[in-house]
Amino acid sequence: MASNDPEHKEEEETTAAEDEDTGAQVAPIVKLEEVAVSTGEEDEDAILDLKAKLYRFDKDGNQWKERGAGSVRFLKHKKTEKVRLVMRQSKTLKICANHLIIPTMSVQEHAGNDKSCVWHAADFADGELKDELFCIRFASVENCKKFMETFQEVAESQKGKEENKEATNAADLLENLSVEDKKEEEKVEVKEVKEDATEKVDEVKAADSEKKE
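The structure displayed is predicted, hence computed values, not measured ones.

Rules used in this analysis
- Residues numbered from 1 in each chain as written.
- Predicted model: local features only at pLDDT ≥ 70, side-chain atom pairs only at ≥ 80, totals over all residues.
- Heavy atoms only, no water.
- Pairing = 2+ DSSP bridges.
- Helix = DSSP H or I, 4+ residues; strand = E, 2+ residues; numbered from the N terminus.
- Core = buried A, V, L, I, M, F, W, Y, C linked by side-chain atoms within 4.5 Å.
- Buried < 20%, exposed > 50% of the residue type's maximum accessible area, 1.4 Å probe, protein only.
- Contact = heavy atoms within 4.5 Å.
- Axes fitted to C-alpha atoms, helices over the stretch in contact; angles between N-to-C directions.

Caption draft 1: Focus on the pairing of strand 2 (residues 63–77). Two elements, strand 1 (residues 44–58) and strand 2, share 14 bridges in a ladder whose sense is antiparallel. Across the sheet, residue Leu 50 finds its bridge partner in strand 2, namely Val 72. Between strand 2 and strand 3 (residues 83–89), which pair antiparallel and follow one another directly, the connecting turn spans five residues, one of which, Glu 81, has a positive phi of 65°.

Right under this line is the structure:
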C-alpha cells in the first residue's frame, strides 16, 4: 500500500536520487607523481629479520630506556660483504639502531632473562657515533638464540676480512715502497748519466783549446 505521507515520499525520492549512478568522472585537482624513496639498503641483503624491542642504557640516569619496537635485521653489503645491524620502529620506520658488526664485538644473554641479550656498539642511529650499551628483548627464547648465534657468526666472519684487509694494506705499502725505491734508483742513474755527459763535454772543450794553442 502506497504511503500518502509527503515526508515519507520525499525521503524515497531523495534515496533514489542518491543511489542513481550518473557515470560522471571527476578529475583530481592535483596530480601526484610517484617518487622513488631511497632507504640506503638497496645494495644489501637481509641475513636475519626478527621482531623485537630495543633498549639502551642511560648512563646519566643509570637505567634502561626504550628505543623502540620493530624489526631488527642483519644487512650484508653485496660488494664489501660488511654486515651491519639495523633496527627500525614498526610504525614510523625511524632508525633506533644502526652499526657495523666488527670482530671485536660480542653478545651475551641478559642476566635473569633468556629472551634478552646485551652488547656494546659504536652506533650511528642519531647521526653521530656513540658508544652504546644495547639490550634487545624477543617474544621467544628461540628468536633470542637465533639472534645471538647470527651475531657471533657475523663477528667471526669479519675477522678473516680484517686480516685480508691488513694483508692487502701491507702489500700496497710494500709496493709503494718498491715504486719509490725504483724512482730513486732512476733518479740516481739519470744523475750519473748527466755527470758523465758533462765530463765528456769538458774533455772535448779542453781538447779544442789545446789544438788552438
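Caption draft 2: Structural view of the nonpolar core. Formed by 26 residues in total, the largest nonpolar core has its most connected members in Val 72, Leu 85, Trp 119, Ile 136, Phe 138, Phe 147 and Phe 151. Among the elements of the structure, strand 1, strand 2, strand 3, strand 4 (95–100), strand 6 (116–123), strand 7 (130–137) and helix 2 (141–212) are those that each provide at least two residues to this core. If sequence neighbours within four positions are ignored, Ile 136 has contacts with Ala 52, Lys 53, Leu 54, Val 72, Met 87, Lys 115, Ser 116, Cys 117, Trp 119 and Phe 147.

Caption draft 3: Just the sheet that holds strand 7, in detail. Strands sit in the order 4-3-2-1-7-6-5 across an open sheet of seven strands; the sheet is antiparallel. Each edge of the open sheet carries a strand with a single partner, namely strand 4 and strand 5 (107–109). Each adjacent strand pair in this sheet contributes to an overall mean axis angle of 30°, direction not counted. Bridging between strand 5 and strand 6 involves three bridges; their strand directions are antiparallel. Looking at the pairing, Gln 108 lines up with Val 118 of strand 6.

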